[in-house]
Structures are given as structure tokens and as C-alpha cells.
There are 2 protein chains.
Amino acid sequence: MSRLAPLSGFPEWTPAERLVELHVIDRLREVFELHGFGQIETRAVEPLERLGGEAEASKEVYVLTRRGGETAEFGLHFDLTVPFARYVEERQGHLTFPFRRYQIQKVWRGERPQEGRFREFYQADIDVVARENLPGHLEAEVAVVMARALQSLDLPPARMRMNDRRLVEGFYRGVGVTEVAGALRSVDKLGKIGPEGVAKELATQGVAESAADAILHLARIRSADSSFKEAVLDLWETTPTQSDDEAQRLLGEGLAALGLLVETVNAAVPGTAEADLSIARGLDYYTGAVYETTLEGHEDLGSICSGGRYDSLVAGGGFPGVGMSIGVSRLVSRLVSRGMLVATRSVPSAVVVAVMDEETRGASQAIADRLRARGIACEVSPSAAKFGKQIQYADRRGIPFVWFPSADGDGEVKDIRSGEQVPADADAWNPPAEDLKPRIVRG
Amino acid sequence: MSRLAPLSGFPEWTPAERLVELHVIDRLREVFELHGFGQIETRAVEPLERLGGEAEASKEVYVLTRRGGETAEFGLHFDLTVPFARYVEERQGHLTFPFRRYQIQKVWRGERPQEGRFREFYQADIDVVARENLPGHLEAEVAVVMARALQSLDLPPARMRMNDRRLVEGFYRGVGVTEVAGALRSVDKLGKIGPEGVAKELATQGVAESAADAILHLARIRSADSSFKEAVLDLWETTPTQSDDEAQRLLGEGLAALGLLVETVNAAVPGTAEADLSIARGLDYYTGAVYETTLEGHEDLGSICSGGRYDSLVAGGGFPGVGMSIGVSRLVSRLVSRGMLVATRSVPSAVVVAVMDEETRGASQAIADRLRARGIACEVSPSAAKFGKQIQYADRRGIPFVWFPSADGDGEVKDIRSGEQVPADADAWNPPAEDLKPRIVRG
């Protein structure tokens, strides 16, 4: 058969690497649930008309046809927001709002693969959506949950940079920008095309040079507390602005909200949050807080956890919410390729129960079952080879213990690392806690 | 937006139903790991040329094209065996054999949806594959692991029916069948088309009437111990057979293996296994034990756990193994639709921490965090509404406890079912064990 080479953009891990990914997924699940988020899972496919929209990813949808069939039936989802919106719309009468949910699933994008960008990858999303009004404090809560989730993984520190759409919109409108969404999309490219590039794009959109200057100046403001407010107000006062009450109101609301957000998140998870007024996010969709997150020393990976507040989860309007999404595969890929987290062994077994001869395999099975009954994962040696071979079987898998049954009792257990061998009772013996299961440790 | 109706064949669960599915998946994972099976996960797609083959499902492959792209790129896998075979072939130099793995993932088949048959569904597979020789005792071990996995779910008893391909092939050849695979495929339809239907098909294949009679007679033999052997040998002796040493040898080997298999499995998990000589399984692929499993009282669901032993996992030959697969979605769908297993609540939170007023939200958050630090999932009330409203928030979600902070201390916690309210310390209070997490119980 052809095509044995790995498919670019479709990552697959070794058993030991998969343990790292599972560890990440299990930890996220645990932290999300401790904060009252319940898991749902949506189907992989959506009707094609639902997979359109403004997102870049909508151009990269994988369309499904049945073999031999001719008409396209559905597409694979490219994120977890589109299916979540449909799930909420479909079941609104049966859900309790505010609805707190998390989802950890694969999504697919037919984009050009490159480091950290895959065609098939896991995302982990949390959202809280309300039926009518979404309290502002949930913007902080969602960020705190994500910060704690990342913290639970024992990674380099995560830096969560935040901005507020009202602040940006008020400011942009105040300096005379009429197409705020277009200007935002340009500012979103700041990291890629630099200030000159952004200024050029803004000029094409008819933004005056003085306004573009102010916008770029705004994007340089950042602080880990509320002090950014003063910088913004200083800039606002020295910039020729139009007398627009609405702009003023938005700016004021955004400043207050962002200040509170940064301080609340830093109080809960010190050193995490920073107001960064360059954060734009591509999507029109957001209406309040927006977030991006980088890992210290791994800024080249881009944002590993992003999101924001929106007024309408569903296209028809309604269901305001706030959510964030971790790029799990992007993160795991880095952890694995750099050996930042590794599994202490690649198999679940803590013990291999040796077999003296095929006639007494049943006795070895019985010892294994007594260990399993107490939560100790083990295997029975597949062959009754010489004990040296059976020890080798364990050794090649990183299994720390070999149990040697004896004709008249439970026999002895050997730590094959130290060579120490002691008589043992299969109803009482325990491996040291750190050997019970494969653990994920810093590499 | 159109198409809000659920897509037929793509099941999606409510949050409470998803808890049942997660429970099933978590239990399977636990039992598989206790028996030394490690988890891998493969990508969802395979090159189309790998998704051919004899399986019915190969006609139902979903083919992927990128939106706007023209050539088909890959297809979604329709089982977990095809990707596992490719994984082993690709990584054979880096895996340790015999390789024990499990996989719990979704698969896709574009077949006509009906009850218990989906277009997107979870399978849970375990396999052990060797590089050269696969010891026969693994045929029993895999069945025992699956029987225990099912047992851990607290379902009606599972009945695992087993046959052996060598036995069948020896017998069929002995009575003069030249196309054993074709005859097997007909016998596989016994449940659907009845003995007359099978006889008719066998006749078209040129099988003599006396041979067809013997084949149908063989298919009626079953026993929960080794006594089937005698019945087979009786039939063999009263049937005109051709003197074929090879047929005789296969029959003998199969009889011995199947007898040992049934007895070993029943010794480990009493009341589970039955030799049933009508079990054929559609695929040519199997060369030793074959298994099917039904749930008592739910035989209409069909087999929920099937598999067998094979000589070659990969198309080019090599990697003999034995494996079984649980149809997780088929099973969960039944559990959910009949209310056989239900979640005690639909959200993870055990406690809602009330908020007296927005100024003291921080104090409520702090209490919640102290509970979380000890593994107690909780939420802080989204609004500082009247306490009656906050109790209602908990009640509508089935959350058993509401914590009322006080101005000068931790305050009190109320069991909203009994109304009992007691002073409590957030560093010490625990809910009763049965309230800590949502539990899955018999409905």
C-alpha cells in the first residue's frame, strides 16, 4: 500500500507522547469542572451553510461527500464555536442559563501546515452564555479559569494580554475612524506587518494620518495594572478628537471594564494579566473583553489561548457570552517536540507477572487480578520464557516491577531498576506511589 | 440560518447524557489500563486507497475535499483497525511487540441511519499484535478484558458468543466446500435470512445439499463449556466427509482452541462465554477465535462487542494479532434512550456560593477557591439577587448545596433538599461523598 509517510498537518503521537496529550486534556477537564463547567460534545459535521462567515477558517473547510455520492453533504467544523452556537440555538428550551460549558474536541482546517498549525487539532473551549444579560464579572472569571488551567500544566508562565472592544471602538470613533472593523483588522496584523504596514493599510481605508498615528500610539500602551488608563486619557487629550458622546461613553466604559478585568485576574492568578491595547483579534463578533495568551519563552508559537466577549452567540442575535479557547495540539506539539513534558514510562503497567510455565499461567493471572483489584495496572508475561527474557520484556517497556510467583505461594517481586527482590503478598503489596501510574514530569 | 433540525445519524447528547457517555469511556479506559493496554489516538483521515477493502463500510466512506478545492484528498476512517494497521506499519521500528493498545475514538460511515446505527459514532478497540507469533492464550485474555470492561458498566449481563475459524474451515472443507469464505458470508446472514435463505445461497455457490445440511447443523451447536466438542465430532462422524488431513487438522486445532477459550473466559468472568458455532463474522481477515457479544434483554441491538484473531494486521502480511471493538455509541444510545443509566445531576458543581452584593463578590470567590483547593467543584452565583433567586439557580441545576458567606466569617452552608443549614469552615467542610460529583446510577 502506498502513502505510508505521515500526512503533513495531521499530527499523531507515540504512545508516550499521547500520555502527555492525555495529561493536558485530563488536567483541563479537572480545572474546568472544579469551576462548574460541564462538558458537552458536538458532532464533527455541520451543514455547509453554517460554516461560512467572516473567519479565515471558513475558506478552509473540509467538505464531505459519500464515496460514489455526488452532492456535498456537510463540512467538518473548523472551530468549536460554530457547533456550540448551533447546539445552544437547537436546545435553548432545555438548557439552563447562564449556561457554562466546556468542549475538548478536534477541529479541522485545510490550511497550509506549518509548525504549530495543523489541519486536524484539538481545541479546548470554555464559554458562559446568558439568555439576556451577561454580567461583566464573567469576563474576569473565564480568564481566571483559563489561567488556572494553564497553570495546572506546570508550563512556563502564561502571559494573558487583554483589551476591550468598547475602549478601542470609542477611541477609533473619537479620532474619526468610520470603519472600525476594518481598522481593527489592520491593527490585528501589527505583529506581522509592523506599524508602517498598518499605517499604509489605514491610509487606504481613508483614515487620516493623525488618526492613524493616534491608533498606533494607542496600540503601544500596556500595563499590568490600571495605569494604562492614564496613558489612554493623556493620549485622548492630546489627540484632536471629534465631540462624539457615544465615543466618549464607549471609551469610558471600556477603560473601566479593562482596568477591573486586569486587576481581578491578577488578584486571582498573580502575574498573569496585562492590558495590551494592541490586542485586536480578527473577528467583528467581539464586543467587550478580548484576550490572547503567550507562553514565556515561546512567544513564537503565537497565542495558545484566545477569546473574548460577544453580544450574540447565534446569528439571529441573542445569547450574549464570553469564551476562550486553548489550542491544545499547538501546545502539546511544542511540549512534545521540545521534551518539556515527558511520561515516566509509555505503558500503564506497573508490574509484569512472570509465568513459570504454561501450565501455571492461571496462577500468574490470578496474582495479576489481585493486584488489579487494588488499582495496580499489570500484565502477565506473554510467554513462559526464561526469567531473564521476561525481565527484558518489562525493561523494554519501562515497567518497574516483575513479580515471580512460586509454586507454594505468591512468590516475590523484584524492582528491576535496583535489583531488589522481596517476598510479597498480592493482596497487600503496593508499588511506591510514584511508580503506580506513568507520570508526566518536566523533561 | 437553516437546518436547525438534528442531523439524522449524528447523535448529540444533552449535558446529562454526555455524562453517561463520559462515564462509559472513563470506565473502559480504566479497565483497559489496569490490564496493561496503553492508549493511542490516530488521525481521523486516511488516504482513500487505504479505505477500500472487503468491509461493507468501505463503500460508505466520507471523502474530503477542501472548499473550493477539486481533488479528493482523504477519507474519514470507518473503523479503528485500518488506522491502527497503518500506525503499526509506519512505526514498527519504534514500538515494542507484542504491542497492547486501546483506542477510543469516533469513526464515520455514510450508511442509512437507523436505531443503533449511526453515521458518526465512538468505538473502543483493544488489540494485541505480535511481530511474529501470537500466543493462543491472548485470544482468551482479550475476551476477558472486554467482558470485565462491560461488567464495570453495571449493565445487564453480557453474553459473549465465540467460534473458531479453524474449526469452521476444517469442517466446511471436510464436507466438500471449496469456497469457505463465501460460505461463511452466507452463514453470517443466518439471523437475517434464516436457514432456508442460507441453504439457498449455499446452493448457488455449488455447495451440495448434504454439505449445506451439515453446515446448518453445525451452526446450531452451542454450549457454555467444552461439551460442544462432542456434538461437533458426532456430526462429523455422521456426515460424509472427504478424507482431507488438512481439514481434519484444522478441525482438531479449532475444537481444542475454542474449548480452552470458552473455559478460560468463563473461569475469569463466570457466565459470560458460550461456544456458538453459528458465529461467522463477515470478514475474511479472521483466522482463529471470533467473538460477538449481546446484552441480555437487548439482543435486538445486535452485537455490541465483536472481533477476532487475525494472522496479518497489515496488508502486506505480518503482525498477527487479536482484537475486539465495543460499539460505544450504540451502547450509550440504548442506555440513554431507555434511561438505564442516568446522571445524578447535569453539572459538575456541588456548591453554589451565594453573593450578598457585588462589593463582596471577591469574598464569595475566595470561599469558592478554598473549596476547589480541596477538590470540591463549585460556582459563584452570577448575580447578587435575593437569596431565594440564588437558591433557585442551584435548584434548577440540581446543585445540592448553597453557601451563604457572612460579613464576619465563612458563613453557613445549606442543603437545599433538606433545608438544613449549618455554620461551616470553607477549609474543612465536605459534602457527603455521594454529592461530591455527579454520579452515574441505574435509572
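Because the structure is predicted, anything quoted here is derived from the model rather than measured.

### Side note on the pattern of salt bridges
Piece 1. Taken as a whole, this structure holds 76 salt bridges over all chains when the rule is applied.
Piece 2. One salt bridge in this structure joins Arg86 of chain A and Glu12 of chain B, with 2.8 Å as the shortest N-O distance. Of the two residues, Arg86 of chain A sits in helix H2 (residues 81-91) while Glu12 of chain B sits in the segment before helix H1 (15-34), which places them in two different chains.
Piece 3. Overlapping salt bridges, with partners in common, bring together Glu12 of chain A together with Arg43, Glu46, Arg86 and Glu90 of chain B in one network.

### Quick word on the interface of chain B and chain A
Piece 1. Taken residue by residue, the interface counts 87 residues in chain B and 87 residues in chain A.
Piece 2. On inspection of chain B and its partner chain A, the count reaches 14 salt bridges.
Piece 3. Linking Glu379 of chain A and Arg100 of chain B is a salt bridge whose minimum nitrogen-to-oxygen distance equals 3.7 Å.
Piece 4. Scanning the region where chain B abuts chain A turns up 44 residue pairs in polar contact (both at pLDDT 80 or more).
Piece 5. Among the elements that take part in the side of chain B that touches chain A, H1 of chain B stands out by supplying eight residues, more than any other.
Piece 6. Residues of the side of chain B that touches chain A, tallied by class, amount to 38 nonpolar, 17 polar and 32 charged.
Piece 7. Across five bridges, strand S3 (residues 62-66) of chain A lies against strand S3 (residues 62-66) of chain B in antiparallel orientation. Counted as the bridge partner of Tyr62 of chain A is Arg66 of chain B from S3 of chain B.

### Here's the deal with the pairing of strand S7 (residues 158-164) of chain B
Residues and elements named next belong to chain B.
Piece 1. Most of S7 is tucked away, with six of its seven residues classed as buried.
Piece 2. Note that S7 and strand S9 (residues 273-276) share three bridges and pair parallel. Bridging from a neighbouring strand, Met162 pairs with Ala275 of S9.

### A few points about the pairing of strand S10 (residues 286-295) of chain B
All names here are of chain B.
Piece 1. Most of S10 sits out of view: nine of its 10 residues are buried.
Piece 2. For S10 and strand S11 (residues 305-310), the ladder comprises three bridges, and the chain directions are antiparallel. Considered in S11, the bridge of Val290 is made with Gly308.

### Details of the confidence of the model for chain A
Low-pLDDT portions of the prediction should not be read for the details of their coordinates.
Piece 1. Summary statistics for chain A give a mean pLDDT of 94 and a share of 98% for residues scoring 70 or more.
Piece 2. With pTM at 0.96, the complex prediction returns an ipTM value of 0.95.

### A closer look at the packing of aromatic side chains
Piece 1. In this structure the tally under the stated criterion is 25 aromatic pairs over all chains.
Piece 2. With a centroid separation of 6.2 Å and 25° between ring planes, the pair formed by Phe84 of chain A and Phe99 of chain A is classed as stacked. Placement of Phe84 of chain A in helix H2 and of Phe99 of chain A in strand S5 (residues 99-108) is noted, with a sequence separation of 15 residues between them. As far as burial versus exposure is concerned, Phe84 of chain A and Phe99 of chain A are alike and both buried.
Piece 3. Between Trp403 of chain B and Trp429 of chain B, the ring centres sit 5.6 Å apart and the planes meet at 85°, which makes this aromatic pair edge-to-face. Here Trp429 of chain B lies in the loop between strand S18 (421-423) and helix H13 (433-436) and Trp403 of chain B lies in strand S16 (residues 401-406), a separation of 26 residues in the sequence.

### Remarks on the side chain of Glu21 of chain A
Piece 1. Within the element layout of this structure, Glu21 of chain A appears in helix H1 (residues 15-34).
Piece 2. Reaching out from Glu21 of chain A, the side chain makes a polar contact with the side chain of Arg18 of chain A at a distance of 2.6 Å.

### Section: the relation of the copies chain B and chain A
Piece 1. For the pair chain B and chain A, the best superposition has an RMSD of 0.0 Å and corresponds to a rotation of 180° with a translation of 0.0 Å parallel to the axis. Here the transformation between the copies is reduced to the relation of a two-fold axis. Nearest to the rotation axis, the C-alpha of Leu64 of chain B is located 2.5 Å from it, this being the minimum over chain B.
Piece 2. When the interface residues of chain B are mapped onto chain A, 100% of them again fall at the interface, so both copies present the same face.

Calculation criteria
Starting afresh in each chain, residues are numbered from 1 along the sequence in its written order. All chains are assigned letters beginning with A, and all ligands numbers beginning with 1, in the order in which they are written. The predicted nature of this model means local features are confined to residues of pLDDT at least 70 and side-chain atom pairs, given and counted, to a pLDDT of 80 or more, with totals for whole chains, interfaces and linings taken over all residues. Excluded from the side-chain calculation are hydrogens and water; included are all heavy atoms of the structure. In the sections that follow, a salt bridge refers to a side-chain nitrogen of Lys or Arg positioned within 4 Å of a carboxyl oxygen of Asp or Glu. The secondary structure listing takes helices from DSSP runs of H or I that are at least 4 residues long and strands from runs of E that are at least 2 residues long, numbered from the N terminus. Whether two residues touch is decided by their heavy atoms; if any such pair falls within 4.5 Å, the residues are in contact. In protein, a polar contact requires one atom able to donate a hydrogen and another able to accept it; more generally it is a pair of N or O atoms within 3.5 Å, and residues adjacent in sequence count only if both atoms are side-chain atoms. Polarity classes work like this: nonpolar for Ala, Val, Leu, Ile, Met, Phe, Trp, Tyr, Cys and Pro, charged for Asp, Glu, Lys and Arg, and polar for all others, with Gly in that last group. Being paired, for any two strands, means DSSP has found at least two bridges between them. Throughout this description, buried means an accessible area under 20% of the type-specific maximum (1.4 Å probe, protein chains only), exposed means over 50%, and partly exposed covers the range between. pLDDT gives the predictor's per-residue confidence on a scale running from 0 to 100. Each Phe, Tyr or Trp ring, with Trp reduced to its six-membered ring, pairs with another whose centre is within 6.5 Å; inter-plane angles below 30 degrees give stacked pairs, above 60 give edge-to-face pairs, and intermediate values give tilted ones. When the copies are overlaid, the least-squares fit takes in C-alpha atoms only where the residue has pLDDT of at least 70 in both copies.

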